[in-house]
Amino acid sequence: MNTPDTNDFPGTGPSNENGWQTDDKGAGKSKAALSKLKASASETATHLKGAAASVSTDAKAYAGSVASDAAGAFKEAVESNKTAGADAIANIAHSVKDAADGIEKQSPQVAGLVRSAAEGVERISTDIRDRNVGELFDSVTKFAQRQPAAFFGVGILAGVMLTRIMRSSDRS
């Protein structure tokens, strides 16, 4: 009896080392499909890289814009508060001058010293109003480096005065 050979059946052909049937036409189609898939994946990756770069650039620009806007708003608020502080200092100087005028008759020497101190405070007020925040910060830093004890003393005095002002406004 003759046993049929596998090559005698249609659709069968030589097999590879794994026992799979090989077909040159099918292999060519698979290779073409794989090549197409690789090209498509490469193109998709390129598009994704471009989109990611665009999003990254847009995000950086937006963050820079937000930071710039915030810095501008902060600077504007500081300038506004600086002016209000200078005005408050000028009002204190005027009050001290009025006090010096009140004690002029009883003690002219003390009145002169008080008036001189008030004029110094007035000059400080004008200096604060006329300078920008950066210049003021530089001046304070230089003063602190030259006169650390005086800087520390002024800080304590300012703290005591602010505490008293805050307490008196709470009672009102």
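What counts, and where the lines are drawn
Residues numbered from 1 in each chain as written. Predicted model: local features only at pLDDT ≥ 70, side-chain atom pairs only at ≥ 80, totals over all residues. Heavy atoms only, no water. Helix = DSSP H or I, 4+ residues; strand = E, 2+ residues; numbered from the N terminus. Buried < 20%, exposed > 50% of the residue type's maximum accessible area, 1.4 Å probe, protein only. pLDDT = per-residue confidence, 0-100. Contact = heavy atoms within 4.5 Å. Expected span 1.5 Å × (residues − 1). Polar contact = N/O pair within 3.5 Å; in protein donor to acceptor, adjacent residues only side chain to side chain. Salt bridge = Lys/Arg side-chain N within 4 Å of Asp/Glu carboxyl O. Axes fitted to C-alpha atoms, helices over the stretch in contact; angles between N-to-C directions. Parallel < 35°, antiparallel > 145°, perpendicular 65-115°, else oblique. Nonpolar A, V, L, I, M, F, W, Y, C, P; charged D, E, K, R; others polar.

**Q** Looking at this structure, I do not really get the overall build of the protein. What am I missing?
**A** The helix and strand inventory of the protein stands at four helices and zero strands. Across the protein, helices and strands are ordered from the amino to the carboxyl terminus as α-α-α-α. The buried share among the 172 residues of the protein stands at 7%.

**Q** Please clarify how the confidence of the model for the protein should be interpreted in this entry.
**A** Segments scoring low in pLDDT should not have their predicted coordinates read at a detailed level. Looking at the protein as a whole, its pLDDT mean stands at 80, while 84% of the residues score no less than 70. Here helix α1 (residues 24-102) is the element of the protein with the lowest mean pLDDT, 82, and helix α3 (residues 133-146) is the one with the highest, 88. Ignoring residues within four places in sequence, the model shows residues 6-12, a span with pLDDT below 50, making five contacts including any to other chains.

**Q** Is there a simple way to explain the environment of Ala-93 in this structure?
**A** In this fold, Ala-93 is placed in helix α1. Exposure remark for Ala-93: the relative accessible area of 1% places this residue in the buried category. The spacing of Ala-93 and Val-114 is 21 residues in sequence and 9.7 Å in space, taken between C-alpha atoms. Setting aside residues up to four positions removed in sequence, Ala-93 forms contacts with Ala-118, Val-121 and Glu-122.

**Q** Explain α3 to me, please; I cannot follow it from the model alone.
**A** In an α-helix there are 3.6 residues to a turn, and that puts residues three or four apart on one side. For α3, with 14 residues, the first-to-last C-alpha span of 20 Å sits near the 20 Å given by 1.5 Å per residue. The backbone nitrogen of Gly-134 has a side-chain oxygen 3.0 Å away, supplied by the residue at the start of α3, namely Asn-132.

**Q** Any chance you could explain the pattern of salt bridges here in plain terms?
**A** Between side chains of opposite charge, pairing is possible as soon as their charged atoms come close. By the definition in use, this model includes five salt bridges. With a closest N to O distance of 2.5 Å, Asp-87 and Arg-129 form a salt bridge. With Asp-87 in helix α1 and Arg-129 in helix α2 (residues 108-130), the pair connects residues that are 42 residues apart, well separated along the chain. With a relative accessible area of 33%, Arg-129 lands in the partly exposed category. Asp-127 is the salt-bridge partner of Arg-131, the closest N and O atoms lying 3.0 Å from each other. Where salt bridges share partners, they join Asp-101, Glu-104 and Arg-115 into one cluster.

**Q** Looking at this structure, I do not really get the side chain of Ser-125. What am I missing?
**A** Topologically, Ser-125 is positioned in helix α2. Ser-125 has contacts with Ala-86, Ile-89 and Ala-90, leaving out every residue within four places of it along the chain.

**Q** What's the story with the side chain of Lys-82 in this structure? I'm lost.
**A** If you trace the backbone, Lys-82 turns up in helix α1. There is a polar contact of 2.5 Å between the side chain of Lys-82 and the backbone oxygen of Arg-131. Excluding its chain neighbours within four sequence positions, the residues that come into contact with Lys-82 are Ile-128, Arg-129, Arg-131, Asn-132, Val-133 and Leu-136.

**Q** Would you mind showing me how to read the environment of Asp-98 here?
**A** Relative to the helices and strands, Asp-98 resides in helix α1. Classification of Asp-98 as exposed rests on a relative accessible area of 53%. Here the alpha-carbon distance between Asp-98 and Ala-111, two residues 13 residues apart in the chain, equals 9.8 Å.

**Q** What should I look at first to understand the packing of α3 against helix α4 (residues 148-171) in this one?
**A** Geometrically, a packed helix pair is captured by the angle between its two axes and the distance between the axes. Two numbers describe how α3 lies on α4: the axes approach to 5 Å, and their chain directions differ by 120 degrees. As summarised for this structure, α3 and α4 are arranged oblique, according to the angle between their axes. Of the residues in α4, those in contact with Val-140, Phe-143, Ala-144, Gln-145 and Arg-146 of α3 are Pro-148, Ala-150 and Phe-151. For the contact of α3 with α4, the class distribution of residues is six nonpolar, one polar and one charged.

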